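Structure at a glance
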Amino acid sequence: MKINKTQKKELSDALARELGDKDSFIATFSGMKFKDANSLRDNLRPAKSRFKVVRNTIVAHALENAGLKSGDATLTHGPTALVTLEDSNEITRVAKELLAFSRANPGVKWKGGFTSKKWLSPADIEKLSRIGSRTELLSQLAGMLYTSIAQIRYVLEALKEQKEEVEAK
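Below is a summary of the structure that appears in this document. Not measured: the values here are computed from a predicted model. (Residues numbered from 1 in each chain as written. Predicted model: local features only at pLDDT ≥ 70, side-chain atom pairs only at ≥ 80, totals over all residues. Heavy atoms only, no water.)

1. Quick word on the sheet that holds strand S3 (residues 80-85)
Heads up, the condition is: When DSSP locates at least two bridges between a pair of strands, those strands are taken to pair. Numbering of helices and strands runs from the N terminus, with a helix taken as a DSSP run of H or I at least four residues long and a strand as a DSSP run of E at least two residues long. Between N-to-C directions, angles cover 0 to 180 degrees, with each direction set by a line fitted to C-alpha atoms, over the stretch in contact for helices. Whether two residues touch is decided by their heavy atoms; if any such pair falls within 4.5 Å, the residues are in contact.
One open sheet accounts for five strands, arranged S2-S3-S1-S4-S5; its pairing is antiparallel. A single partner strand is all that each edge strand has here, and the edge strands are strand S2 (49-54) and strand S5 (118-120). This sheet shows a mean twist of 20° between the axes of neighbouring strands, independent of strand direction. In terms of strand pairing, S2 meets S3 through six bridges, oriented antiparallel. Residue pairing for S3: Lys 52 is matched across the bridge by Leu 82. Contacting strand S1 (24-29), S2 and S3, helix H1 (residues 5-21) runs over the sheet at an angle of about 145° to S2.

In structure tokens, the structure reads:
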């Protein structure tokens, strides 16, 4: 589809606003089939994230306009895809999904991304994928707190019994 300079500028400005406001991941791909891209879109939908293919020049100008600097000079070389997150709390869930997708589709390489306007390298995305989701982490925290409270209760009951024994003598 041919688009003129004005349309490119409008798309770039809109993308710059989106990238400035939301966490995002950037990938290059080759040999990805349409059905695979749709599958990824479907898998990202519950995490309130969007996958889209964008022209390199538009991505490059949008990153510049949003004030986002990457650590990768080849960020917009080759076909470029973006994943933007509506909910930044879902970043680990999305990272897991993206890495699983790239393992199943070797032509997809995640180059990095941005969270709170800070550059994420591919290694950072890998680390994020190993962290539990917000819900999982909160569940673990609740479990640890419950265990700690139960242990404190047990100690207090033992001290109470010990005190009662001493007073009974």
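2. Focus: the side chain of Thr 80
Note the cut-off: Exposed residues in this analysis have more than 50% of their type's maximum accessible area, buried residues have under 20%, and partly exposed residues fall in between, with area computed by a 1.4 Å probe over protein chains only. Polar contacts, as used here, are pairs of N or O atoms within 3.5 Å; protein pairs need one atom able to donate a hydrogen and one able to accept it. Residues neighboring in sequence count only if both atoms are side-chain atoms.
Tracing the chain through its elements places Thr 80 in strand S3. For Thr 80, a relative accessible area of 1% corresponds to the buried category. A polar side-chain atom of Thr 80 sits 3.2 Å from the main-chain carbonyl oxygen of Gly 78. Other than its neighbours up to four places away in sequence, Thr 80 contacts Ile 26, Ala 27, Phe 29, Lys 52, Val 53, Val 54, Asn 56, Val 59 and Leu 75.

3. Concerning the nonpolar core
Operational definition: Put simply, a nonpolar core is a bunch of buried Ala, Val, Leu, Ile, Met, Phe, Trp, Tyr and Cys residues held in one set by side-chain atoms that sit within 4.5 Å of each other.
The biggest cluster of nonpolar side chains holds 23 residues, and the ones touching the most others in it are Phe 25, Phe 51, Val 83, Val 94, Leu 98 and Trp 110. Of all the secondary-structure elements, those providing two or more residues to this core are S1, helix H2 (34-44), S3, helix H4 (91-104), strand S4 (108-115) and helix H5 (122-130). Element by element, the count of residues in this core is highest for H4, at six residues. Not counting residues up to four positions away in its chain, the partners in contact with Val 94 are Phe 25, Leu 44, Ala 47, Ser 49, Val 83 and Leu 85. Listed in part, the 15 residues of the second largest apolar core include Leu 15, Val 59, Leu 75 and Leu 82.

4. As for the side chain of Glu 90
Along the chain, Glu 90 turns up in the loop between S3 and H4. Discounting residues that sit within four places of it in the chain, Glu 90 has contacts with Ala 47 and Leu 85.

5. Notes on the environment of Glu 86
Tracing the backbone through its elements, the reader meets Glu 86 in the loop between S3 and H4. For Glu 86, a relative accessible area of 46% gives the class partly exposed. When neighbours within four sequence positions are excluded, Glu 86 is seen to be in contact with Lys 22 and Lys 48. Engagement of the side chain of Glu 86 in a polar contact is seen with the side chain of Lys 22, the distance being 2.6 Å.

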